[in-house]
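Commentary on secondary and tertiary structure
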Amino acid sequence: MLPRVQTILFLFCCSCLGTSAQAQFEILDVNNIGFGVGYGGTLCNHDDVYYSPAPIEGTNHIIWEMAPLWSAYDDSGQVYGDILYINNAEDHAGPHADTALNLAQELALQRYKMVRKIERSEIEAFTSHFGEPDYTIPQIIRDWPGNGDTTLGTTFQLAPYVDHNANGIYEPDSGDYPLIKGDQAIFQLLHDRPTGSQATGGDPNFSMLEYRQMVYGYEALPGSLLDNAVFIDMQIINRSDRTYHDFVFGYLTFFELGFFGNNYMGSDSSVNLQYCYKGDTTDTGYGDWIYYGDLLPATGLQFVNVPMDVSMNPMSELSESSLQRFQFYQRAYWPFDTTHMTDGGSGYGTGSLTNYSYHDHPDDTDGWNEFTQGNPPGQRRAYSSTFFGDLHPGDTVCHTAAVLFAPGTIPNNRTAAVTDLINMASALQAQYPYLPDAGNCMQTRQEAPYWQTEVNPADGITFLPYPNPASDVVYLHTGPFKQSDVSLNLSDMNGKLIETWFLADLNSEQIISIRLPALTAGIYVLSGQANGFTFVKKIVIK
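If you're wondering where the values come from, they're calculated on a predicted model, not measured in any experiment. (Residues numbered from 1 in each chain as written. Predicted model: local features only at pLDDT ≥ 70, side-chain atom pairs only at ≥ 80, totals over all residues. Heavy atoms only, no water.)

Things to note about the nonpolar core
Within the largest apolar cluster, 55 residues are counted, with the highest numbers of intra-cluster contacts made by I118, W144, F231, L404, L428 and Y432. Looking at this core element by element, the count peaks at seven residues for helix 9 (residues 416-431). Excluding anything up to four places from it in sequence, L404 contacts I33, N228, A229, A298, T299, G300, Q302, L421, M424, A425 and L428. Residues C276, Y292, V306 and A382 belong to the second largest nonpolar core, which totals 45 residues. (Core = buried A, V, L, I, M, F, W, Y, C linked by side-chain atoms within 4.5 Å. Buried < 20%, exposed > 50% of the residue type's maximum accessible area, 1.4 Å probe, protein only. Helix = DSSP H or I, 4+ residues; strand = E, 2+ residues; numbered from the N terminus. Contact = heavy atoms within 4.5 Å.)

Written out as structure tokens, the structure is:
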């Protein structure tokens, strides 16, 4: 195999192209791991060009490609499956839609096929400046695919967003905004449906599943756990009318830690981790090319919200991505004779049954690892999977994984970084549930508008001006409070009083119309006092 230095340099040039290229391939670059996300759901690779530098400012990469994949069986036992691979990206881009669209409809569907990268800072700026006269809503927020086009056969709710008026419509002009995880995220809508000539053929092997993929990371202190982690959320929705039994989802990962010819693999089921580390005490490659040199790192794939039920290294590189093979690897079976993987040796016919290849720490001289087996270092790829059981029509499953990187710290030590990586995985298991929106699997969230703040809501009193944004009139819903006089003040954001109102003997559950004075567009403060309590709301004038 030829060295891949030229390929890496070519990608650096590709990343400098214009917006049309960026819609095909985006790079997560918020922390110490660079992570490419390609058109059609491919990870770390697009058009056979890869990007996964760690450290991010360096030239060494950790993964050639990660391919999400699943397999299952219908009521008759027919096998179904899908792999989001670099050679079939076009088949997966965009949401699930009708299978017989004409050319004009397929062109209309293109707007949903983009790879979208968004920053937390863009959302925070939006929530801080929304309604200000000189503020322009960023295009990434305006074009967020919160809603689909049902005339094309998509569902109406697509990408997750914050819905302030709970009407189920994504309206950035009314203050709605994308709901993401992390400080930077890359999102795309994916599917497995027949298109074009495939649709007219009526191929039953198309599953009619929809995928929603979000890759994200956190801006964290250098060297910290979150600085060396990238997360991948996959939401999988069964849009077919069939039940998929024994539904298994996971990844085929082509690890390429530094020099691809100097790698070993291992697994640790106690922390749901599959990992790659160096086979030799120095990481060098062709000629004078230095990869990681004397400081030998480790990298791994961890399942965060579900168990890693299988971690299996195939014995051969032939046709591993075909459904007839990977359905077995995903279940820890050898496809050539459908026998289960065993403990020890090559994992074939050597001992008790196991679901985890090389499951002992490489420092364990009596355990099952690549050192004790005397394997020559080389390229490594592996399957990882979770058993979800039955996936009924309309069912949704959610899978969160993390790619971790442990830098080398002890010269010429091949295993110290493995210990660090396992400790990182253990810490992430404890920390992840407390990260923002950790349990939200790309569901739109309804919440009170951020421009309305309520103070002292005692006795169940509510004070809700609407519509917001407004123009010349706002309505107030008084809520369940005691009969009272209410005084209202309207001020600008500098505290300058603009208008006052006094409303006598208001009752509970009453709607009051307040005509506003002529105002320039912007944000204003409407405050009220009732029953000795003060209420303050921001209102937007458009």
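What to know about the pattern of salt bridges
Should the charged atoms of two oppositely charged side chains come close, the side chains can pair. Throughout the structure, instances matching the rule amount to ten salt bridges. The shortest N-O distance in the salt bridge between D283 and K278 comes to 3.1 Å. Since its relative accessible area comes to 0%, K278 is described here as buried. A network of salt bridges, in which partner residues are shared, links E210, R212 and R239. (Salt bridge = Lys/Arg side-chain N within 4 Å of Asp/Glu carboxyl O.)

Thoughts on unusual backbone geometry
Here the amide bond leading from A54 into P55 is cis, since omega sits at -5 degrees, within 30 degrees of zero. With respect to the helices and strands, the residue P55 is situated in the loop between strand 4 (49-50) and strand 5 (63-73). Residue D437 is not a glycine yet carries a positive backbone phi of 60 degrees. Position of D437 relative to the elements: it lies in the loop between helix 9 and strand 24 (445-446). The phi angle at M442 is positive, at roughly 55 degrees, despite the residue not being glycine. As for its position among the elements, M442 is in the loop between helix 9 and strand 24. Classification of M442 by relative accessible area gives buried; the value is 6%.

Quick look at the pairing of strand 12 (residues 229-238)
Residues in a regular strand point their side chains to alternate faces of the sheet. Burial within strand 12 is extensive, with ten of its ten residues counted as buried. Because side chains alternate across strand 12, one face comprises the buried residues A229, F231, D233, Q235 and I237, and the other comprises V230, I232, M234, I236 and N238, equally buried. Examined bridge by bridge, strand 12 and strand 23 (residues 396-406) share nine bridges and lie antiparallel to one another. Bridge assignment links M234 to a residue of strand 23, and that residue is H399. (Pairing = 2+ DSSP bridges.)

What to know about the confidence of the model for the protein chain
Close reading of the predicted structure is inappropriate where its pLDDT is low. Averaged over all residues, the pLDDT of the protein chain is 83; the fraction at 70 or higher stands at 84%. Looking at the elements of the protein chain, mean pLDDT is at its lowest for helix 1 (residues 5-14), recorded as 34, and at its highest for strand 18 (residues 298-303), recorded as 98. Taken together, the stretch residues 195-202 has pLDDT below 50 and engages in seven contacts with residues farther than four places along the chain or on a different chain. Predicted confidence is poor over residues 453-461, with pLDDT under 50, and the contacts of this stretch with residues over four places away or in other chains come to 25 contacts. (pLDDT = per-residue confidence, 0-100.)

A closer look at helix 9
For helix 9, built from 16 residues, the straight-helix expectation of 22 Å at 1.5 Å per residue is met to within 8% by its first-to-last C-alpha distance of 23 Å. Listed as buried for helix 9 are A416, A417, V418, L421, I422, M424, A425 and L428. Looking at the buried side of helix 9, the elements it contacts are strand 12, strand 14 (263-268), strand 15 (273-278), strand 18 and strand 23. (Expected span 1.5 Å × (residues − 1).)

Re the sheet that holds strand 24
Think of a sheet as strands paired side by side through backbone hydrogen bonds, with each pair either parallel or antiparallel. Ordered by their spatial adjacency, three strands build an open sheet running 9-8-24, and the pairing between neighbours is mixed. Looking at strand neighbours, the two that pair on one side only are strand 9 (177-178) and strand 24, the edges of this open sheet. Strand direction decides the pairing type here: strand 8 (residues 161-163) and strand 9, joined by two bridges, are antiparallel. What sits directly across from V162, in strand 9, is Y177.

Here's the deal with the sheet that holds strand 6 (residues 79-83)
Spatially, 6-5-13-22-19 is the arrangement adopted by the five strands of the open sheet, whose pairing is antiparallel. Either end of the sheet is taken by a strand with one partner, and the two such strands are strand 6 and strand 19 (310-312). Neighbour to neighbour, the strand axes of the sheet diverge by 20 degrees on average, direction disregarded. Pairing between strand 19 and strand 22 (residues 380-391): three bridges, direction antiparallel. Bridge pairing in strand 22 links V310 to S385. (Axes fitted to C-alpha atoms, helices over the stretch in contact; angles between N-to-C directions.)

Considerations on the state of the cysteines
Here a disulfide denotes one covalent bond, and it connects the sulfur atoms of two cysteines. The tally for this structure, following the rule as stated, stands at one disulfide. Between the sulfur atoms of C398 and its disulfide mate C441 the distance is 1.8 Å. As the torsion about the S-S bond is roughly -105 degrees, the C398-C441 disulfide counts as left-handed. One end of the pair, C398, is in strand 23; the other, C441, is in the loop between helix 9 and strand 24, and 43 residues separate them in sequence. C398 gets classed as partly exposed once you look at its relative accessible area, which sits at 22%. (Disulfide = S-S within 2.5 Å.)

A closer look at the pairing of strand 27 (residues 484-492)
As judged from the seven bridges shared by strand 27 and strand 28 (residues 497-506), these two strands associate in the antiparallel manner. When the bridges of strand 28 are listed, S484 appears paired with L506.

Remarks on the environment of N60
Along the polypeptide, N60 turns up in the loop between strand 4 and strand 5. Look past the residues within four positions of N60 in its chain and what remains in contact with it is S52, P53, A54, G258, I290, Y291 and Y292. Reaching out from N60, the side chain makes a polar contact with the backbone oxygen of Y291 at a distance of 3.0 Å. (Polar contact = N/O pair within 3.5 Å; in protein donor to acceptor, adjacent residues only side chain to side chain.)

Digging into the environment of Q213
Of note, Q213 is situated in strand 11 (residues 209-217). For the pair Q213 and D233, spaced 20 residues apart in the sequence, the C-alpha separation amounts to 5.7 Å. Setting aside chain neighbours within four positions, we find Q213 in contact with V37, G41, L43, P68, I186, F187, Q188, L190, D233, M234 and M442. Within polar-contact distance, the side chain of Q213 engages the backbone oxygen of G41 at 3.2 Å.

Considerations on the packing of aromatic side chains
The geometry of an aromatic ring pair comes down to the distance between the two centres and the angle between the two planes. With the rule as written, the count across this model stands at 28 aromatic pairs. With a centroid separation of 6.3 Å and 80 degrees between ring planes, the pair formed by Y216 and Y218 is classed as edge-to-face. Overall, the relative accessible area of 0% leaves Y216 in the buried class. Residue classification places Y218 among the buried positions, given a relative accessible area of 8%. Residue placement shows R111 over the ring face of Y112; its charged tip is 4.6 Å from the ring centre. (Phe/Tyr/Trp six-rings, centres within 6.5 Å; stacked < 30°, edge-to-face > 60°. Lys NZ or Arg CZ within 6 Å of the ring centre and 35° of its normal.)

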